[in-house]
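Analysis of the macromolecular model
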Amino acid sequence: MFDYDSELARYHERLLEALDIRPGDRVLDIGCGTGLTTRDAARAASPGSALGIDVSGPMLARARRQAETEGLRNVDFVQGDAQAHPFPAEYFSLGVSRFGTMFFSDPVVAFANIGRSLRPGARFVQLVWQAADQQEWHTAIRAALAGEHASSASATAADDPFTLADPDVVAEALTSADFAAVDVVDVREPVRYGPDADHARAAVLQLRMAREWLADLDAGSAERALDRLSATLDAHDTGDGVWFDSRAWLVSAHRR
Ligand SMILES: C[S@@+](CC[C@H](N)C(=O)[O-])C[C@H]1O[C@@H](n2cnc3c(N)ncnc32)[C@H](O)[C@@H]1O
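Just so we're clear, the structure is a prediction, and the values are computed from it rather than from any experiment.

1. Focus on the overall build of the protein
Looking only at helices and strands, the protein features ten helices and nine strands. When the 256 residues of the protein are sorted by exposure, 40% land in the buried category. The contacts in the protein between residues at least 6 apart in sequence include a share of 78% that link residues at least 24 apart.

2. Observations regarding the site of the ligand
In the region of the ligand, 20 residues are neighbours, and Tyr4, Gly31, Gly33, Arg98 and Phe103 sit closest. Among the residues forming the shell around the ligand, the class breakdown is ten nonpolar, seven polar and three charged.

3. Regarding the sheet that holds strand S9 (residues 247-255)
Across the sheet, which stays open at both edges, the seven strands sit in the order S3-S2-S1-S4-S5-S9-S6 with mixed pairing between neighbours. A single partner strand is all that each edge strand has here, and the edge strands are strand S3 (75-79) and strand S6 (179-188). Here the average twist between neighbouring strands, direction ignored, is 15°. Direction of pairing for strand S1 (residues 26-30) relative to strand S4 (residues 92-98): parallel, over a ladder of three bridges.

4. Remarks on the pairing of strand S5 (residues 118-129)
In the case of a regular strand, side chains alternate between the two sheet surfaces. Note: S4 against S5, six bridges, orientation parallel. Its bridge partner being in S5, valine 96 is matched across the sheet by valine 125. As for the winding sense of the linkage, the β-α-β connection from S4 through helix H5 (residues 107-117) to S5 is right-handed.

5. Structural notes on the environment of glycine 31
Its location among the elements puts glycine 31 in the loop between S1 and helix H3 (36-45). Judged by local crowding, glycine 31 falls into the buried class, with 23 C-beta atoms found within 10 Å. Separated by 163 residues in the primary sequence, glycine 31 and glycine 194 place their C-alpha atoms 23 Å from one another. With residues near it in sequence (within four places) discarded, glycine 31 still touches Asp54, Ala82, Ser97, Gly100 and Thr101.

Conventions used here
- Residues numbered from 1 in each chain as written.
- Predicted model: local features only at pLDDT ≥ 70, side-chain atom pairs only at ≥ 80, totals over all residues.
- Helix = DSSP H or I, 4+ residues; strand = E, 2+ residues; numbered from the N terminus.
- Buried ≥ 20, exposed ≤ 12 C-beta atoms within 10 Å, placed from the backbone.
- Contact = placed C-beta atoms within 7 Å.
- Near = placed C-beta within 6 Å.
- Nonpolar A, V, L, I, M, F, W, Y, C, P; charged D, E, K, R; others polar.
- Pairing = 2+ DSSP bridges.
- Axes fitted to C-alpha atoms, helices over the stretch in contact; angles between N-to-C directions.
- Right-handed = clockwise from strand over helix to strand, strands pointing away.

What follows is the structure, given as structure tokens:
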């Protein structure tokens, strides 16, 4: 399972700072994955609570195990599609997502569904990726793995993580879904793929887009692509982890 907590550690701090969770808050975490954001929100919101939703059973299983290990009683996780899940109406005082909102088939429908679960005036704060060509992690890994076919390889893959990269598109979707005061802030933090190049290679090969680029290659080309990947990761190994630059949007809006 890909370790988003390690990759996104710098962004996590920025997100928590922006969330400014208050005791008593009821927090909804969209696309919570293994649930670090949900658990941290629950801690900050106590005696309030946090609910994480994700489509992935295995990720939620890990989230629940970790919450139990940490003795958290005010956190819950539910498996479902946040675009359609029947959340309680006007229940949550804060919505959050750490890179979990880019995969909806219809963002307006999804944001409207999330909005209905928020109290009037409640904030919804998301981190989403800026465009693919602004991401060193994406361009470097793609150049290595798509290599000889980079010009014809799709810039992205299935489960495109860049669907909300255009701030106008995000603002329009949120406004159409009855959110107001949309604010989009440019956030630039490096992402970490592991403590060294070997761990980083294993991590990268868990990414669906990396596997799809490799699957397009014949055996010889795939071998050369993996050699290029190792060289790229070696070049980004700082001795304190393998790091790439990245850019995200911190998007905040209020439910009307
Ligand atoms: C990039 S991961 C981020 C996970 C987590 N927020 C984190 O930062 O560690 C995106 C997550 O969104 C989830 N996801 C994708 N589409 C979803 C949907 N329609 N409803 C709920 N979760 C979804 C995925 O299963 C995945 O766990």
